[in-house]
Amino acid sequence: MADVAARAGVSRALVSLVFRNQPGASEQTRQRVLRAADELGYQPDSAARLLARGRSRTIGVLLTLHHPFHADLVEAIYPEAERLAYDVLLSARAPGRDERRAAEALLSHRCEALILLGPESDAAYLGELARRSSSLVVVGADAPGGGADSVRTAEGKGVRQVIDHFVTLGHRRIAHIDGGRGAGSAERRRAYRAAMRRHGLADEIRVIPGAHTEEAGIAAGRLLAKEDARPTAVLAANDRCAVGLLHSLAGAGLEVPGDISVAGFDDSHLSHLSHIDLTTVRQDAAAQAAHAVRFAVDRLEDAEQEPRELVLEPRLVVRGTTGPPPGA
């Protein structure tokens, strides 16, 4: 700013007034200051200015790379944050970079609030994050210990919708590829078993170990392709897992849904593609993102705000990967 003042022939205080769009400078002077700044390539550092006031107005978002639903959530987080005059900083889990490192990076960059998409950390660490950040929102999982807000889908209801759909089509041998430690996986497992028992199919319950990845779906597909009495329908852990399963089944010469029906969970943008056309459970990414941002900002503006939990309704979206069982 001193360089700009010297070039424009005015005081540093006057330059500050111009950059803050405050009264005190004539229009001619204001244009001279802005022209000098442009010639010098100067840009006001809004982040530094906010930090000087003890604020960063930045929301840190932790996500998983290559997760289509997380991409959908981030895409919806940006406009809501900008509407409320907050910036967004992303930090990702990746091979060789676990969730703890990703979260610590956000804290080190002075993010005022954290939004964790599908966290897999234990309750102890999530509770620690809630104590260390001014505002913590968990998306896609329960918030531990009451120190954070949470936004999630009614996982169990979504699973029941899928199993009801399969049974209505005539399926009995219905398997579930498990999501491992992924967010929502435990509730989906419980809901799958309960739904199967409700339909009198307790003897047909089969949970295949997996994860929220394409690789888990591919591995499950290879396993099922070798079986003579394989399931006629499979609920995958999520859409990523379902896409891997579809790839593996196609490679083994099995037709979907002619030989085996497949459903996913999320309704990520991948499931809409015509060559995938995946039956899946829709989670409302836009609503989850908007509420997560609002919860984060509300807590920043009112530290006494009680933690809130929002559970959104899922919706089964039937597409081309499900049909009657073979021979029906």
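Use the structure listed above.
All of these numbers come straight from a predicted model, not from anything done at the bench.

About the cut-offs
- Residues numbered from 1 in each chain as written.
- Predicted model: local features only at pLDDT ≥ 70, side-chain atom pairs only at ≥ 80, totals over all residues.
- Heavy atoms only, no water.
- Helix = DSSP H or I, 4+ residues; strand = E, 2+ residues; numbered from the N terminus.
- Polar contact = N/O pair within 3.5 Å; in protein donor to acceptor, adjacent residues only side chain to side chain.
- Contact = heavy atoms within 4.5 Å.
- Core = buried A, V, L, I, M, F, W, Y, C linked by side-chain atoms within 4.5 Å.
- Buried < 20%, exposed > 50% of the residue type's maximum accessible area, 1.4 Å probe, protein only.
- 1 Å grid on protein atoms, 1.4 Å probe; cavity = no way out; pocket = protein on both sides within 12 Å on 5 of 7 lines; lining within 4 Å.
- Points joined across faces, edges and corners; volume = space filled by probe spheres on them.
- Nonpolar A, V, L, I, M, F, W, Y, C, P; charged D, E, K, R; others polar.
- Right-handed = clockwise from strand over helix to strand, strands pointing away.
- Pairing = 2+ DSSP bridges.

J.: Would you mind showing me how to read the side chain of Thr 280 here?
T.: In this structure, Thr 280 sits in strand β10 (residues 280-282). Polar side-chain contacts of Thr 280 include one of 2.7 Å to the side chain of Asp 239. Not counting residues up to four positions away in its chain, the partners in contact with Thr 280 are Asp 239, Gly 264, Phe 265, Asp 266, Asp 267, Ser 271, Arg 315, Leu 316, Val 317 and Arg 319.

J.: How do you make sense of the nonpolar core when you look at a structure like this?
T.: Side chains of nonpolar character tend, in soluble globular proteins, to be buried together. Ranked by internal contacts, the top residues of the largest apolar core, which has 28 residues, are Ile 59, Val 61, Ile 77, Ile 115, Leu 117 and Val 137. Broken down by secondary-structure element, the contributors of at least two residues to this core are β1 (58-64), α5 (68-83), β2 (87-93), β3 (113-117), β4 (135-139) and α12 (285-301). Sorting elements by how many residues they give to this core places α12 first, with nine residues. Excluding residues within four positions of it along the chain, Leu 117 makes contact with Val 61, Leu 62, Leu 63, His 70, Leu 73, Val 74, Ile 77, Arg 93 and Val 139. By size, the runner-up hydrophobic cluster in this structure holds 19 residues, among which are Ile 177, Ala 236, Leu 245 and Leu 278.

J.: Where do I start with the environment of Arg 188 in this structure?
T.: Structurally, Arg 188 can be placed in helix α9 (residues 185-198). For the pair formed by Arg 188 and Ala 36, sequence separation is 152 residues and the distance between their alpha carbons is 61 Å. When sequence neighbours within four positions are dropped, the list of residues in contact with Arg 188 reads Glu 155, Val 159, His 176, Ala 183, His 212, Ala 237, Asn 238, Phe 265, Asp 266 and Gln 283. Reaching out from Arg 188, the side chain makes a polar contact with the backbone oxygen of Ala 237 at a distance of 2.7 Å.

J.: How should the layout of surface pockets be read in this particular structure?
T.: To find the voids left in a structure, one rolls a probe of water-molecule size over its atoms. When its volume is computed, the largest pocket comes out at roughly 460 Å³. What lines the largest pocket is a set of 32 residues, and nearest its centre among them are Thr 64, His 67, His 70, Glu 120 and His 212. The greatest single-element share of the lining of the largest pocket, amounting to three residues, is contributed by α5. Here the residues of the lining of the largest pocket are counted per class, giving nine nonpolar, 15 polar and eight charged. There is about 360 Å³ of room inside the second largest pocket. Along its surface, the second largest pocket is lined by 22 residues, and Ala 141, Asp 142, Ala 183, Gly 184 and Ala 186 are the ones closest to its centre. Put simply, the parts of the chain that give the lining of the second largest pocket at least two residues each are α7 (123-132) and α9. Split into classes, the residues belonging to the lining of the second largest pocket amount to seven nonpolar, six polar and nine charged.

J.: What exactly am I supposed to notice about the pairing of β4 here?
T.: Regular strands place their side chains on alternate faces of the sheet. Counting buried positions along β4 yields five of five residues, so the element is predominantly enclosed. In β4, alternate side chains face the same way, and those of Ser 135, Val 137 and Val 139 on one face and Leu 136 and Val 138 on the other are all buried. Assessed by its sense of winding, the connection that carries the chain from β3 through α7 to β4 is right-handed. Note that β4 and strand β5 (residues 149-153) share three bridges and pair parallel. If you follow Val 138 over to β5, its bridge partner there is Ser 150.

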